[in-house]
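For reference, the chains in residue letters:
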Amino acid sequence: METISPALQRVLHRVAQGDDVLAASAAENLTVKQNVVVDAHYQGKPVCTVTLPWVVDGHALLMADASVNPAIAESRLESLANALAMPLCVIRS
């Protein structure tokens, strides 16, 4: 598991508290991109594209969906994390 910078940790904390991703990232001078299209991989081969709502400092940023059963949500997030070619951070609020 990759460690994240203190600045990104502060962004994740602020977003979990309800701050806007762009504002939180700007406050820490971190690069942020919206609606980034990447390939998801299975066994090293691209299988589909995924649109990530946010990529902050090279890390995909997703919000956990509280309406989905937590066990199912965690399984889906783990699968997605394995398919991406970048670190994944999940905001659970």
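First things first, this report covers the structure right here in the doc. What you are looking at is a predicted structure, and each value in this text was computed from that prediction instead of being measured.

Of note in the backbone geometry, Asn29 takes a positive phi value of approximately 55° without being a glycine. Of note, Asn29 is situated in the loop between α2 (21–27) and β1 (32–42). Looking at Asn29, the relative accessible area reads 71%, which means it is exposed.

This paragraph deals with the pattern of salt bridges. Oppositely charged side chains can pair when the atoms bearing their charge come close. Using the criterion set out here, one finds two salt bridges in the structure. Among the salt bridges present, the one from Asp19 reaches Arg14, with a minimum N-O distance of 2.8 Å.

For the rest of this paragraph, the subject is the layout of surface pockets. Over the atoms rolls a probe the size of a water molecule, and its path tells where empty space is left. Roughly 160 Å³ of volume is contained in the second largest pocket. Elements supplying a minimum of two residues to the lining of the second largest pocket: β3 (59–63) and α3 (70–83). Counting residues per element, the lining of the second largest pocket draws most heavily on α3, which supplies five residues. Residues of the lining of the second largest pocket, tallied by class, amount to seven nonpolar, one polar and two charged.

Rules used in this analysis
Residues numbered from 1 in each chain as written. Predicted model: local features only at pLDDT ≥ 70, side-chain atom pairs only at ≥ 80, totals over all residues. Heavy atoms only, no water. Helix = DSSP H or I, 4+ residues; strand = E, 2+ residues; numbered from the N terminus. Buried < 20%, exposed > 50% of the residue type's maximum accessible area, 1.4 Å probe, protein only. Salt bridge = Lys/Arg side-chain N within 4 Å of Asp/Glu carboxyl O. 1 Å grid on protein atoms, 1.4 Å probe; cavity = no way out; pocket = protein on both sides within 12 Å on 5 of 7 lines; lining within 4 Å. Points joined across faces, edges and corners; volume = space filled by probe spheres on them. Nonpolar A, V, L, I, M, F, W, Y, C, P; charged D, E, K, R; others polar.

Keep in mind these numbers describe shape, not what the thing actually does.
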